[in-house]
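# Secondary and tertiary structure notes
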Amino acid sequence: MERVPRVNGPLIVQSDKTLLLEVDHEQADDCRRAIAPFAELERAPEHIHTYRVTPLGLWNARAAGHDAEQVVDALVQYSRYPVPHALLVDIAETMDRYGRLTLSKHPAHGLVLTSTDRPVLEEVLRSKRIAPLVGARIDPDTVAVHPSERGQIKQVLLKLGWPAEDLAGYVDGEAHPIELREDGWALRPYQKQAVENFWHGGSGVVVLPCGAGKTLVGAGSMAEAKSTTLILVTNTVSARQWKHELVKRTTLTEDEIGEYSGTRKEIRPVTIATYQVLTTKRKGVYPHLELFDSRDWGLIVYDEVHLLPAPVFKFTADLQARRRLGLTATLVREDGRESDVFSLIGPKRFDAPWKEIEAQGYIAPADCVEVRVNLTDAERLAYATAETEEKYRFCATTDTKRKVTEALVRRFAGQQILVIGQYIDQLDELGEHLGAPVIKGETTNAQREKLFGAFREGEISVLVVSKVANFSIDLPEATVAIQVSGTFGSRQEEAQRLGRVLRPKADGHQAHFYSVVARDTIDQDFAAHRQRFLAEQGYAYRIMDADELLAES
Amino acid sequence: MTPEERSRKESPGTGSGAAAPRSLAESLRARDDVSLSALLRARPDLITPVPTDLTQLATRAATRASVVRALERLDRFALQTAEALAVAGDPATYEELLGLMAGDDGPQADPLVAEALPRALTTLRDQALVWGADDRLRLVRTARELLAPSPQHPSPTGLGPTVAEAAGGMSPGRIQEILTAAGLPATHDAVSAMTSLSELFGDRARMAALLEKAPAESLEVLSRLVWGPPYGQVTPNPAPRLRWLLDRGLLLPSPRLSAGLEQGRPPAPGTVVLPREAALHLRSGRAHHHTEPLPPVVEAAATHSAHMVDATAAGQAYTALATVEELLKDWDEGGPSVLRAGGLSVRDLKRTAVALDVSEPVAAFWVELCYAAGLLASDGEADERYAATPAYDEWTELPPAGRWTRLATAWLTATRTAGLVGGRDAKDRALSALGPGLDRSAAPEVRHRVLTLLAGLPEGASAARESVLARLRWERPLRGDRPAADDLRSRLAQWTLSEAELLGVTGRGALSGHGRALLGERPDHTPPAEPTGPGDKLPVHRQHHRPAPYEPLTAAEQTAAAARAARLLAPLLPEPLDHVLLQADLTAVAPGPLERPLADMLNVLADVESKGGATVYRFTPASVRRALDAGRTASDLHAFLAAHARTPVPQPLAYLIDDVARRHGHLRVGAASAYLRCDDDALLSEILADRRSAGLRLRRLAPTVLAAQSDPAVLLEGLRTMGFAPAAESAEGDVLITRAHAHRTPPRTPPEPVPDGPPTPDTTLLTAALRAVRAGDLASTAPRKPTGAPATGGDLPRTTSAETLATMQAAVLTGESLWIGYVNAEGSASQRVIAPIRVEGGFVTAYDHTADEVRTYPLHRVTGVAELADDQL
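Small disclaimer: the values here were computed from a predicted structure and weren't measured.

Thresholds applied
- Residues numbered from 1 in each chain as written.
- Chains lettered and ligands numbered in written order.
- Predicted model: local features only at pLDDT ≥ 70, side-chain atom pairs only at ≥ 80, totals over all residues.
- Helix = DSSP H or I, 4+ residues; strand = E, 2+ residues; numbered from the N terminus.
- Buried ≥ 20, exposed ≤ 12 C-beta atoms within 10 Å, placed from the backbone.
- Contact = placed C-beta atoms within 7 Å.
- Pairing = 2+ DSSP bridges.
- Axes fitted to C-alpha atoms, helices over the stretch in contact; angles between N-to-C directions.
- pLDDT = per-residue confidence, 0-100.
- Nonpolar A, V, L, I, M, F, W, Y, C, P; charged D, E, K, R; others polar.
- Expected span 1.5 Å × (residues − 1).
- Parallel < 35°, antiparallel > 145°, perpendicular 65-115°, else oblique.
- Left-handed = near helix turned anticlockwise from the far one by under 90°.

### Describing the overall build of chain B
- Tallying secondary structure elements over chain B gives 34 helices and 23 strands in all.
- Scored against the burial criterion, the 873 residues of chain B give a buried share of 42%.
- Taking contacts inside chain B between residues at least 6 apart in sequence as the whole, the part at least 24 apart equals 69%.

Right, dumping it as C-alpha cells:
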C-alpha cells in the first residue's frame, strides 16, 4: 500500500541528498530509527540533525538486509515536503547496484565472482584493474577469482561502483574457549546489540563514542567467536589496557594473552599487536607480517579503525577469509579512505550517536568551553615575523595560556584534571608551574602506568600529558580536561581528547573540557576546524574571553 | 448531425437519391457548411489564401503538397485504409475495401476492422481524400499515386503492380504462352489476354485450382514474396520451381524502370515481381499483414494516490520557481555573453549547470524555459550578454502559483525545444541553448497530446512510456522505415514526459490536478454516433474517442486555464516562513521557504550550504563581515537573529558576530586621494569632532573642504556608517549616481511560437471564408436571380444608392455575398462578387472573391447590387 506523506513530518529531504531531521518533532525518534540504517549522521546539533545519504551508506543498508523499498518508504513517510522523484529513483538504482556481483565459494573452482546481471559482469571484466585479479571464465555468469585477491577485487569493484557482496564465508580458525564473566556487571544493551549485529553480519565496523565501552564489544565478539583472536591496537599502553580488561571481563587468563609490540613478541591464543610494530619496515620488507600467518586466527579486531595505517589495509586485503571487527568512534578519516574501510573491513554494523548514549547515562555530559587568550604585544610582533611553519607553535605556546591554565586548575582544585598539549617544552613548563608530573614520549611505560595508576587512585589530581596519551588510556576519574595545543586541525584528536572526560563519573557530575586558544591567530582557525566535528555531534562550545575567566577566578 | 451521418448523406443508398458526384469538386459542393468547416479546420492550408470557389478548393485539395500534408496527419488505420484503397479498383466499393482490410472471410473474421472501417472512411472523406458514395469510393488521384505500389516506392502493403501493369511491356507471344501454361484458351490480342489472365488471378476458386498443381518448392518461393517486398531475382536459367511460376505468370518480369528513377542504378536484369492479384489471393485478400484498427491503449505504469501526485508535483513546481530565480539571480550582474551565431556557449551552459547543481540538458531546459517565458533575453548592447528582462521583475512580484503558471503556459505553447540542445543540426552545426535552430513546430502539439493522453488515465496513474510512444506513433504513423524511437515526435514526447516532471506538471509520472487544469477544459467533441450503413450489422464493441485535432487554446481560454491551475496549485505550495532555527554549530536551518526579505538578509549574512525543501545556512566570519559591509551593525544583526530565530541565539554565534564586528573596520585602507567638501562648515566640524571619523583620517584643508587619506568609496562608506548622507563626485564635480544593481535588457517580448503551416482558423474566419468560397462558387456556377434591373450579360447591376446601402447592410447581417457593379477611379467598370463585412462612413469593407482579398469600396462608386441566386442553398 502506498503511504500518503504526512503534511508535517519531521524530515526534510534536501537536493544534495542530506536529510534534515527536526529533533523536537514528536515523530523524530521513529524517523531517526527509520533512516539510521541507510543515512550517515553527519551533524547532530541541538535542533536539526543532518544525515547524509551516500552510496556507501545505502550499500551499508543493503548489506544489513534493508531494501530500497524500505528506504524510499521511510523517506516518503516522514518527509515534510514531497520527495523529488528523481532522488527516489536514484536511491533505488544505487541500492540495486549492491549485490549484483557476489563473491562466493564454488565447490570445484574455489572463490568465484558471480553475477545476476550479465552486462554488469561484462562491464567490470573489461576494466583494466579487474583483469589481473580474475582467472578463467567458468560460465557466462561466473568467473574464477584468485583467492589471494579477494580483498583487492572488493576494493576495485567498489571503486567501479559495483560493490560485491562477499558470501564466500569465513574460516572458523583455531578454536579457543572464551566466555564473558559477567559477575556484577553485564554488557549494556547497546553493546549487546552491537555484538549481535556484528556476528550476524560476519564482518564489519561498530561505531561507538569514546568511553562507551568498545573494548567490551570486542570481548563480547570474542566470546561469540570462541577462537584464537588477533587484536590490533594503536600503541602499547592501549595494548596493556586491552589485556587488563580482557583478563577482568572474560575467562581468559594472563597466560592466554600475548603482547606483540616493540618490546615483547609473544604469540598466544589471543594476541594484541600494535600498528606500529606491524608497519615497521626493515630493508624494504615488513618483518612482522608473519604474525598474521603464525596462527589460524578466527577473529581479527581492529581498534580505532579510523587510524588504521595504510599498510595495514594492504595486509587486511589478504585476510578476507577471516572475520574482522572494526571498532571506532567515528568513520571520519582525515585521509578520506572510508571506502577502503567499507570494502576491506566491512560495512558499518552498528552505530549510536553520542548524545543518545549520553542520554542513557553511559557517558558523562560535558561542558565544552573555548577560552580565547590575547597575545601580548611582544608576542604578536614575534608571531607576525615568525616563519609559516613556526607560526602555530608560536601562538599555541603563548605565555597567557599558562596563566589561564593555572587559573582553571585553581578553579577545579580537588577534581581530577588532565592538561593535554602538543609541545613538550610547553608541557614541561606547565608541569613545573602546576607541580604536576608530565607524561611524554620519553616516559617509560612502567613510569606511565605508575602515574596513571596514581591518577586513577586519586593520589595525583593533575596530570600533564602529551599526545602519546591521546589514545586508549582509560582514566575513569578525569573530570576536567584542558587542551593547550594540539596536532593542528585534527578533528578526531579533539574527539579523542573529549572522550577522556566522558567516561561516566562515579558521582555523576558534569565533565569539563577546556580548549585554550590564542585569539586572531592560526590557532583559532585550527580550533574551529577541530571543534566542528564535536559541534556537529551536539557538543556546543561556549566561547569565553580569557580576561573574563581570569576576572572570575 | 454527426460527421458520420453527414458523410453518409452522400451515399445514394442512404441519402436523398441525388445524382452521384462526378468529381471531388462536386462532392464538396454537395457538402454542408459544418462538413466543409471540418475539412478546412483539418486542412487549413486549403484556405490560405481563400480560394475563389469550390472548384479551386478541390484543385488545391488535390495538389501534391496538400495531399502529402493531409496523409501525414492520418492515424495509422486511416492510412492503412487509404493504402488499401490505393491498391483497390478505382472506383472501389465499400465491400471491396472491407475485403482488402478484413480479408476474404469478411467482417466476421475481423470484427474490429469492420467496426473501425466506416470511421476511417469518414475521416478520409472529411479530409477530402476520398469522395464518392459507398459503391463508388474514389481516392483522390494524387493520393493514389503517392500510395500505390511502384518499384520506386514499395508500398507499405508489400504488394506489387497488377498483372496488367507488370505484363505491359511483354511480347504478345510470351503472353499467349503464359495463357496456355495457366490453362486458359488463347486469345486474339494482348489486351484480351491480359484481361483473361487478370480474371483468372482475381478468381479465388480458379486460382486455388491452379495453385493446387504447383510443386511445393514453388509455393515456398511464393510464400517468401507474399508479404513483400514482392521482388525477387532469377538467373537466366531459372530452377524448375521458378520456371513453373514464370511459365504461369505468377512471377512476371519486373517492369522496366526508367533509369533516372532508380538513382542511376540500372535495374537488375533478372528482377521478377509477384503480381498484385496473385499476392492478394495468397493473402486471402488482405492488403495488410497486420491491421491496427484500434489505437494502442495507453497503459498505466503505476498508480499513486492523487494526493501524493499533486504534492510531488507541487514540490517540483516550487523547485522550478526556485531554480528559475536562482538562475536569473546568478546572471544579475552580467550574465554570459551571446555567441556570435547566437546562443549560449557550451562552457557557459556547463557553468550554469554546475551553479544549479543539475545536469547540462536540465540546465538547458531551465534556460530555455526562462527564455520562452520572456524572463530572459539578450540585452542587445555592443558587448551582448544575456540578462533578465523587466518582465522578470514583474514575474517575481506574482504569487508563487501565478509564477508557476507563467512558466508552465510558456512551456506548453513554446515551439523552442530544449531537448535539442547539444545535438547537431542538418548542417552539422552544434545547437546551443538560446541559439537559433531550436524551433520545432510540432512541439506544442506533441506536448499537449502527451498530457492529454495522461489526462485520459485514471487520476494518479502514470503512463508507461512505451505505450505513450506507441499511441503517438499510431496517431501519426511515419512514412518510410525510420527507427521508431528516433523520430522527432517520439523524442518530443519523451522530452515532454521528463520536462513535465521537472516543471511539476506531473508528479511521479502522473498528471497533477493543476497540470490537468492547465490543459484547459474543452467541451468534449461528441464522439461519432454509432456507425450506420455497412458497419451496422456488426456488434459495436467500443467507441474509440477520436482525438480532436490539436487546436491551441485561445488567449482567453489560456488565461482561464492558468487561473484555474493557479487556484489548484496555490494551497499545495509551502507557505513562506518567517523564522529559522539557529544552532550552536553556526548553522541556521530554514525548515521551508522563507519570506523574501528574510531570505535576502540571510543570504548576505550567511552562506547557503544546502538547498531543497529547507535551506541550511552557515555563518562564517567572512559571511558576517559581508553583512557588516552591507551596512549592518552588530546590534542590527543580533536584533535580526533574535527576531527571526525560533530558538535562543547560541552563544558561539553571538560571539562570532561580536568578534567579527570588533575587527570590522578596525583597519582602514587609504591613499590621500579623496576629499570631502560641504558648504556647511559646521557639519564638517561635527564630522571631525565625531570620534568615529578618526578612522577616516580627515584633515581640514579649508573651512569647507576636508582631505582624506582614504579613497572615495571607503570615505563614502565610512560617512554613511556614521549616519551621514554623502554623495560622490566625478572629476567634473557632478554627482555620481550609483547604478542599479541588477542588469536588465530593454523591454523584450518572448519569442513567438513558430507554427507549422498556417494556423488553424477560428470559427469567425472559417465562417467568413466558407461564406466567401460558397459565394464565389455561386457567382461562377449559379444562375443569377433576376433583379429589378435587368441584369443580363455584361450589364452592371443598377440600384438606387439607398437600395444599395440597405442591401449591403442586410448582407452584412445575413452574411450573404452580393454581386455588385463597380466603377474604379479610372472610370472603368467591373463586376465583382463581394461578401460585405462592414458598412460605415460611406465605405463598404468586404471580402472580394474576385480579387481574393478583403477590400474597401466607396459606396458612391458602386453602381448597384444584386443578390446572388440562392436556389441551391
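After that view, the rundown keeps rolling.
### So, the sheet that holds strand E12 (residues 581–583) of chain B
Residue and element names in this part refer to chain B.
- Read from one edge to the other, the open sheet built from 4 strands follows the order E12-E13-E15-E14, with strand pairing classed as antiparallel. Where the open sheet ends on each side, the last strands, each with one partner, are E12 and strand E14 (607–610). Mean inter-strand twist for the sheet, computed between neighbouring axes without regard to direction, equals 30 degrees.
- Judged from the 3 bridges that link them, E14 and strand E15 (residues 615–618) form a sheet pairing that is antiparallel. Note on E15: the bridge partner recorded for Ser 610 is Val 616.

### Remarks on unusual backbone geometry
Residue and element names in this part refer to chain B.
- Phi is positive for Asp 357, which is not a glycine, with a value near 60 degrees.
- Within the secondary structure, Asp 357 sits in the loop between helix H18 (346–356) and helix H19 (360–372).
- Within the chain, Leu 586 stands out as a residue other than glycine whose phi angle is a positive 65 degrees.
- Following the sequence through the fold, Leu 586 ends up in the loop between E12 and strand E13 (587–590).
- With 23 C-beta atoms packed within 10 Å, Leu 586 lands in the buried category.

### A word on the confidence of the model for chain B
All names here are of chain B.
- This prediction gives chain B a mean pLDDT of 79; 86% of its residues lie at or above 70.
- Per-element mean pLDDT across chain B ranges from 43 in helix H1 (residues 3–9) up to 93 in H19.
- Below a pLDDT of 50 lies the segment residues 1–17, which in the model reaches 37 contacts outside its immediate sequence neighbourhood of four places, other chains included.
- Low pLDDT, under 50, characterises residues 523–545; the stretch is placed with 39 contacts to residues that sit more than four places away or in other chains.
- Reported for the predicted complex are a pTM of 0.68 and an ipTM of 0.79.

### Considering helix H2 (residues 55–63) of chain A
- The buried fraction of H2(A) amounts to 8 of the 9 residues, a majority that puts the element mostly inside the structure.
- Directly beyond the C-terminal end of H2(A), a positive phi value near 95 degrees is found at A:Gly65.

### Quick notes on the sheet that holds strand E10 (residues 204–207) of chain A
All names here are of chain A.
- Strand order in this open sheet of 7 strands is E12-E13-E11-E14-E15-E10-E16, and the pairing throughout is parallel. At either end of the open sheet lies a strand with only one pairing partner, and these are strand E12 (257–260) and strand E16 (348–351). Ignoring which end each strand starts from, the neighbouring axes of this sheet average 20 degrees apart.
- Inspection of the sheet shows E12 paired to strand E13 (residues 270–274) by 4 bridges, in the parallel sense. Each bridged residue has a counterpart across the sheet, and for Ile 257 the counterpart in E13 is Val 270.
- Sheet strands in contact with helix H8 (residues 214–225) are E10, strand E11 (229–233), strand E14 (299–302) and strand E15 (323–328), and its direction is about 165 degrees off that of E15.
- With respect to the sheet, helix H9 (residues 236–249) is in contact with E11, E12 and E13, its orientation differing from that of E13 by roughly 160 degrees.

### Remarks on the interface of chain B and chain A
- Counting residues at the interface gives 29 residues for chain B, matched by 27 residues for chain A.
- Mapped by element, the contributors of at least two residues to the side of chain B that touches chain A are helix H17 (306–330), E12 and helix H30 (651–663) of chain B.
- Here the side of chain B that touches chain A is built from residues that sort into 12 nonpolar, 12 polar and 5 charged.

### Brief notes about the environment of B:Leu398
All names here are of chain B.
- By the element assignment, Leu 398 lies in the loop between helix H20 (390–397) and helix H21 (400–413).
- Its 14 C-beta neighbours within 10 Å are what place Leu 398 among the partly exposed residues.
- In contact with Leu 398, not counting residues within four places along its chain, are Arg 403 and Arg 406.

### Structural notes on helix H24 (residues 488–503) of chain B
Residues and elements named next belong to chain B.
- Over its 16 residues, H24 runs 21 Å from end to end, which matches the ideal 22 Å to within 8%, given 1.5 Å per residue.
- Across the 16 residues of H24, 12 count as buried, placing the element largely inside the fold.
- Within two residues after H24, Gly 504 carries a phi angle of roughly 85 degrees, on the positive side.

### Regarding the packing of H17(B) against H24(B)
Residues and elements named next belong to chain B.
- At a minimum axis separation of 6 Å, H17 and H24 run at an interaxial angle of 80 degrees. Viewed along their axes, H17 and H24 adopt a mutual orientation that is roughly perpendicular. Residue-level inspection shows Gln 316, Ala 317 and Ala 320 of H17 in contact with H24, the latter providing Glu 501, Leu 502 and Leu 503.
- Looking at the contact of H17 with H24 residue by residue, the classes come out as 4 nonpolar, 1 polar and 1 charged.

### Brief notes about the environment of A:Leu246
Residues and elements named next belong to chain A.
- Mapped onto the secondary structure, Leu 246 falls in helix H9.
- Sequence-wise, Leu 246 and Leu 216 are 30 residues apart; in three dimensions their C-alpha atoms are separated by 8.3 Å.
- The residues touching Leu 246, leaving out its near neighbours within four places in the chain, are Ala 219, Leu 252, Ile 257 and Val 270.

### What about the pairing of strand E17 (residues 698–702) of chain B?
Residues and elements named next belong to chain B.
- Alignment of E17 against strand E18 (residues 705–708), held across 4 bridges, turns out to be antiparallel. Looking across to E18, one finds that Ala 702 is bridged to Val 705.
- From the end of E17 to the start of E18, which pair antiparallel, there are 2 residues.

### Regarding the packing of H8(A) against H9(A)
Residues and elements named next belong to chain A.
- For the pair H8 and H9, the least separation of the axes is 10 Å and the interaxial angle reads 55 degrees. Classified by the angle between their axes, H8 and H9 sit oblique to one another. The chirality of how H8 crosses H9 is right-handed. Contact residues: H8 offers Thr 215, Leu 216 and Ala 219, while H9 offers Trp 242, Glu 245, Leu 246 and Arg 249.
- In the contact of H8 with H9, the residues fall into 4 nonpolar, 1 polar and 2 charged.

### Description of the environment of B:Val812
All names here are of chain B.
- With respect to the helices, strands and loops of the structure, Val 812 is situated in helix H34 (residues 801–814).
- C-beta crowding within 10 Å serves as the criterion here: with 18 such atoms nearby, Val 812 is assigned to the partly exposed category.
- Residues Val 812 and Ala 846 lie 34 residues apart in sequence; the distance between their C-alpha atoms is 8.9 Å.
- When near neighbours in sequence (up to four residues on either side) are disregarded, Val 812 contacts Pro 836, Ile 837, Arg 838 and Val 839.

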